[in-house]
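# Results of the structural survey
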Amino acid sequence: MLEKETIAAISTGMASSGIGIVRISGKDTVNIISKIFVPEKNKDMRKVASHTVHYGNIIDDGHIVDEVLVIIMRAPHTYTREDVVEIDCHGGIFVVRKIFDIVLKNGARCAEPGEFTKWAFLNGRIDLSQAEAVADIINAKSSIALEQSVSQLKGKMRDIIIRQREKIIYHIAYIEAALDDPEHINVENYGEELIIDVDNILKDIEILLKTSENGRMIKEGIKTVILGKPNVGKSSLMNMLLGEDRAIVTDIAGTTRDTLEESLRLSELQLNIIDTAGIRKTEDVVEKIGVERSINMAKEADLVIYVVDASVPIDENDKEIIKIISDKKCIVLLNKTDLECIVNTEDIKNIIDTEPLEISVKNNTGMDLFEKRVREMFYEGRISFDEEIYVTNLRHKEALKEACESLMLVKESIMSGLPEDFYSIDLMNAYEVLGKIIGEAVEDDLVNEIFSKFCMGK
Amino acid sequence: MPNICEEYDVVVVGAGHAGCEAALAGARLGLDTIMFTVSVDSIALMPCNPNIGGSSKGHLVREIDALGGEMGKNIDKTFIQSKMLNSSKGPAVHSLRAQADKQAYTRSMRNVLENTEHLTIRQAEVSEIIVEEGIIKGVKTFSGAIYHAKAVVLCTGTYLRAKCIYGDVSNYTGPNGLQAANHLTESLKANGIEMFRFKTGTPARVDKRSIDFSKMEEQFGDETVVPFSFSTNPEDVQKEQVSCYLTYTNEETHKIIRENLDRSPLFSGAIEGTGPRYCPSIEDKVVKFADKTRHQVFVEPEGLYTNEMYLGGMSSSLPEDVQYAMYRTVKGLENVKIVRNAYAIEYDCINPMQLKSTLEFKTIKGLFSGGQFNGSSGYEEAAAQGIIAGINAAMYVLGREQVVLDRSQAYIGVLIDDLVTKENHEPYRMMTSRAEYRLLLRQDNADIRMRKIGYQVGLVSKDDYDKVCEKEKMIEQEIKRLNNITIGAVNEVQDFLVAHDSTPLKTGTTLAELIRRPELSYELLEEFDKDRQKLPDDVVEQVNIHIKYEGYITRQQKQVEQYKKLENKKIDESIDYNDVKSLRNEARQKLMSVRPSSIGQASRISGVTPADISVLLIYIEQFNHEKYVSTHNQDD
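Worth saying up front: this structure is predicted, and the values here are computed from it rather than measured.

A few words on the overall build of chain A. On a plain count of helices and strands, chain A comes out with 14 helices and 13 strands. When the 458 residues of chain A are sorted by exposure, 54% land in the buried category. Excluding contacts between residues fewer than 6 apart, the proportion of contacts in chain A whose partners are at least 24 apart in sequence is 67%. When the accessible area of chain A is evaluated, it comes to approximately 20,500 Å², of which 50% is carbon and sulfur surface.

So, about the interface of chain A and chain B. Between chain A and chain B, the contact holds 51 residues from the first and 58 residues from the second. Counting the surface lost from both chain A and chain B, the interface buries some 4,800 Å², and carbon and sulfur atoms represent 59% of this. At the boundary of chain A and chain B, one finds seven salt bridges. K89(B) is the salt-bridge partner of E188(A), the closest N and O atoms lying 2.9 Å from each other. At the surface where chain A touches chain B, the tally comes to 15 residue pairs in polar contact (both at pLDDT 80 or more). Those elements that provide at least two residues to the side of chain A that touches chain B are helix 3 (115-122), helix 4 (131-152), helix 5 (156-180), helix 12 (394-415), helix 13 (423-437) and helix 14 (445-453) of chain A. Looking at which element gives the most residues to the side of chain A that touches chain B, the answer is helix 4 of chain A, with eight residues. For the side of chain A that touches chain B, the residue count by class is 25 nonpolar, nine polar and 17 charged.

All right, on to unusual backbone geometry then. Looking along the chain, the bond that leaves A75(A) and enters P76(A) is cis, with omega of 0°. Even without a glycine there, the phi angle at D61(A) is positive, about 50°. Note on placement: D61(A) falls in the loop between strand 4 (52-60) and strand 5 (63-73). Phi is positive for R595(B), close to 50°, though the residue is something other than glycine. Tracing the backbone through its elements, the reader meets R595(B) in the loop between helix 18 (585-594) and helix 19 (599-603). The class for R595(B) is partly exposed, based on a relative accessible area of 34%.

Residues and elements named next belong to chain A. The strand order 3-4-5-6-2-1-7 describes an open sheet built from seven strands, whose pairing is mixed. Edge positions in the sheet fall to strand 3 (37-39) and strand 7 (109-110), since each has one partner strand and no second. On the sheet, helix 3 packs against strand 1 (7-10), strand 2 (19-25) and strand 7 and is oriented at approximately 135° with respect to strand 1.

What the domain assignment lists for chain B is domain 1 (205-345), domain 2 (472-559) and domain 3 (569-635). Measuring from the centre of the C-alpha atoms in domain 2 of chain B to the corresponding centre in domain 3 of chain B gives 48 Å.

The full count for this structure, using the stated rule, is 11 aromatic pairs over all chains. An angle of 65° between the planes, with centres 4.8 Å apart, marks the rings of F422(A) and Y552(B) as edge-to-face. Placement of the pair is F422(A) in the loop between helix 12 and helix 13 and Y552(B) in helix 17 (residues 550-567), with the two residues belonging to separate chains. For the pair shown, F422(A) and Y552(B) are each scored as buried. Pairing Y8(B) with Y147(B) gives two aromatic rings, centres 6.4 Å apart and planes at 40°, and the pair type is tilted.

A few words on the environment of R263(B). Residues and elements named next belong to chain B. Relative to the assigned elements, R263 resides in the loop between helix 6 (251-259) and helix 7 (265-268). Sequence separation of R263 and M450 is 187 residues, and the distance between their C-alpha atoms is 49 Å. Those residues in contact with R263 that sit more than four places away from it in its chain are G167, P319, D321 and V322.

As a further point, take the side chain of E346(B). Residues and elements named next belong to chain B. Looking at where E346 falls in the secondary structure, it is placed in strand 19 (residues 343-350). Classification of E346 by relative accessible area gives buried; the value is 1%. Of note is the side chain of E346, whose polar atom sits 3.2 Å from the side chain of R197. Among all residues touching E346, those that are not within four sequence positions of it are R161, A162, K163, I165, R197, F198, K199, I271, E272 and G273.

Residues and elements named next belong to chain B. In the contact formed by helix 13 (residues 462-483) and helix 16 (residues 537-548), the axes pass within 9 Å of each other and the chain directions differ by 50°. The orientation of helix 13 relative to helix 16 falls into the category oblique. Viewed along their axes, helix 13 and helix 16 form a crossing whose handedness is right-handed. Here helix 13 contributes K471, M474, I475, E478, I479 and L482 to the contact with helix 16, which in turn contributes D538, V539, Q542, V543, H546 and I547. For the contact of helix 13 with helix 16, a count of residues per class yields seven nonpolar, two polar and three charged.

Let us now look at helix 1 (residues 29-36) of chain A. Of all the residues in helix 1 of chain A, the buried ones are T29(A), V30(A), I32(A), I33(A) and I36(A). When helix 1 of chain A is viewed along its axis, its buried side chains cluster within an angular range of 160° and face the same direction.

It is worth spelling out the sheet that holds strand 4 (residues 79-85) of chain B at this point. All names here are of chain B. With antiparallel pairing, three strands are arranged side by side in an open sheet as 3-5-4. Strands with a single pairing partner mark the edges of an open sheet, and in this sheet they are strand 3 (51-53) and strand 4. Across the sheet, the axes of successive neighbouring strands diverge by a mean angle of 20°, strand direction being ignored. As paired strands, strand 4 and strand 5 (residues 95-100) are joined by six bridges and run antiparallel to one another. Its bridge partner lying in strand 5, Q81 is registered against Q99.

Rules behind the numbers
- Residues numbered from 1 in each chain as written.
- Chains lettered and ligands numbered in written order.
- Predicted model: local features only at pLDDT ≥ 70, side-chain atom pairs only at ≥ 80, totals over all residues.
- Heavy atoms only, no water.
- Helix = DSSP H or I, 4+ residues; strand = E, 2+ residues; numbered from the N terminus.
- Buried < 20%, exposed > 50% of the residue type's maximum accessible area, 1.4 Å probe, protein only.
- Contact = heavy atoms within 4.5 Å.
- Areas by Shrake-Rupley, 256 points an atom, 1.4 Å probe, with all protein chains shown as cover.
- Buried area = accessible area lost by both parts, 1.4 Å probe.
- Salt bridge = Lys/Arg side-chain N within 4 Å of Asp/Glu carboxyl O.
- Polar contact = N/O pair within 3.5 Å; in protein donor to acceptor, adjacent residues only side chain to side chain.
- Nonpolar A, V, L, I, M, F, W, Y, C, P; charged D, E, K, R; others polar.
- Pairing = 2+ DSSP bridges.
- Axes fitted to C-alpha atoms, helices over the stretch in contact; angles between N-to-C directions.
- Domains from an automatic or database assignment.
- Phe/Tyr/Trp six-rings, centres within 6.5 Å; stacked < 30°, edge-to-face > 60°.
- Parallel < 35°, antiparallel > 145°, perpendicular 65-115°, else oblique.
- Left-handed = near helix turned anticlockwise from the far one by under 90°.
- Arc of directions from axis to C-beta.

The structure is reproduced here in structure tokens:
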């Protein structure tokens, strides 16, 4: 469509790669980047020269998300002939995704398939002889995207959305029928009834939104964070899992001062493993930053691997870690069981509600147990793949979120005592965005619903 | 040649609600206008319900009035009861509806027409349109008289090949037994115009003396009547009103209907036309909503001059004896005497997708049309199209720019856009849910929305236009003032808030913020507004609405901005969709048949996807560029 808003997309593929690029184009581009990016020396991004590269951090709610390079290119000498910004970030999928989410949150919208090219053309950037090719690309890309999203949506999720839409359109039709024919249909105090159903619909959509995390895990891998005190063998574990020396391993506690992310295939599952700095109370400034980071990573993880050194007693630092991971899916590995064990399985079970696995990275034992446990947790555990209710498509997720927002507005209107005709405005929006997910346009749904469900007219 | 041959600027065929507005628009703009009717006595006839207005229809009347039309003024002169519907709802859905004295309405409109300069009224059946090389040249009557004209407006209503049916009785007549127009259809078809056949119906009229009103609920008009027209002085419409009555059908009624369904022409197949779903016959309701144990029946006076009462909600095409039997099961109608039977009526109309948004035929220059002829229903819908068709016929003759109202400007815009863009299989009725920007298209601000256009066209006086400009200014200034008045959390304010069930203030705020609270209003807060000047009621109303619903209004304004962007992307008339390679076949066919005037309109056609629109956008850029290059080269 011709909505000329600011658009954004992840330009790099979804597979793990060394670097990720988020691209933004449109009128608001520079505004958005100045809201979310703090360059070194606090330069004003609105004033920097075009076609320059800037180093700094992406910030979300005051937290540093990633250190990035931002390339700023002002209209008209850009691909789309509008202001364009590229954010080059670290290649971990989570980082790219997170930055993309932040960009959307700050006012950009998710680009349609082929949209950058479309604007490049419409703004005269691409030669006219290429017009047809561009049209073909857009059509092809849209049909592939549609095919993908439709095939993704067979079965349960589609049913859930259809059901919610049916409920929503019924309410709109009732309200509208009453407004059109107030002498036949009474809508007084309808809010009381409506709010109950809106809550139910919200609940169902929120469940779907939660599955978007599972869906993401299937598609992009399970965000796995290795956590533990210093020198318990986290980096060794990482190297062993990867089958290469990726992390630097020494006997010195606190060697790993920054996080390190790598991808690992465990049968059909992909684990994105992040090694972190060991957690302990420390006065070392650099190490302190590392510890902070580890904690933040753990908070965002899908799975935490908590490594405990069996040869060293449990202490305050362990209790600190347990506090951090209390609400996480967690596997506890009791490492260094090749040495004399001071800590045993029972000791662990006393402080954390999970059965630890005894391993020895050094002797390469217990890895089969680990793999089995991961698979158990993701297959037999809370997630079942047969159900097919995973939101894996970012566009779907955005639409679900928007539907929730609209439904919240309906609730707000009801609670603040606005008249009934206001409810249907936001209900209609929820109906429309849910329709986008299943590829259905609104057309004359409402009028048809009104006439089929309610007896109107004189 | 013995036959009459006259010259006019504008010919209007039909003198119903569309024809009247069209003819008045043409004549008032100084063009020699002739209006044809099969019967001068049927000018502005109300052959069905005795109401003007109603939900969303009231909006249309207000807009017609603000453009300089007659309907609002006429009903203000002739109403016998008036109500503001949905008054407990938001301002966007408040809607006026009046009971008309049917004969007074007709007489009063006729009087206006007869006293309008440049307007000739002629009783004759137009049987042919005269078209030469795709341009309208005039019309020919059944008697052979020829009337040349620069523009023609067709407003034939339900008269084309009209057929009235009940039971196994069918008459080839128009409504109320008036003569049908049986010849024009052939001429239209011969000129390549695609015709539809639609159906509608009306209930029986009964003798007031045979009704027991004590068994019914009496329904009164509003205590204070709000006029339809912005030009009517509110004091002039405060008068004694008559009542309507409400009663209900029951299981016995439904049983009789079900037992006699086989005798209904609708179910036996004797009726071929498509009927409206919003205005179903009682037999339709009983079949479709079988679980409902009763349906409402509104008993409404047809006027002060007559004993006839209209039985709203019970239109039917069942045979006479069944009509009697079913009406007499209804409480209060046990001994009812029918004056006129209920009947269904079938008529020819056009597929309105053949029209541009100006209501001109795409393939015949200078030929315009409005009203039920375009596949709509309702007096107000007809009048709304009539005034636009009339204005544009006049603009065409005068060589001036055509008037197109879009969906963000007026219900009239929504109505016409729906008609010319969307496939329509039943008589189209205006509904508030069809207007996506309805918070902006309120009946209370129709003057602010439409007066300027009416003034530019020439139907609104400078005086009336200046009044609206002044009103707008006052509203704007007052809102600004209220936003700048701070209210402290002092005792008298807190006491006031508590007394009005409103949360006390934590810190100071503005007067506007307090007005925004649902339980408070501009009027209530007078005591905290020392500098307040006395403002007219309609200004106060606008101030309240703007402040209270500011959030929603701003949101809709943003949506309108988006919408306008697509609307402003015009599609050249000469575009050949066969050249647009990447379009899907379905989209290509739809686009070829509608020939949308803008990308916005194209995007509303069912079966055209966003991807098709992208493809189209790209093609249009290319097309415009090539056109530019080729004209540029010619200059060299």
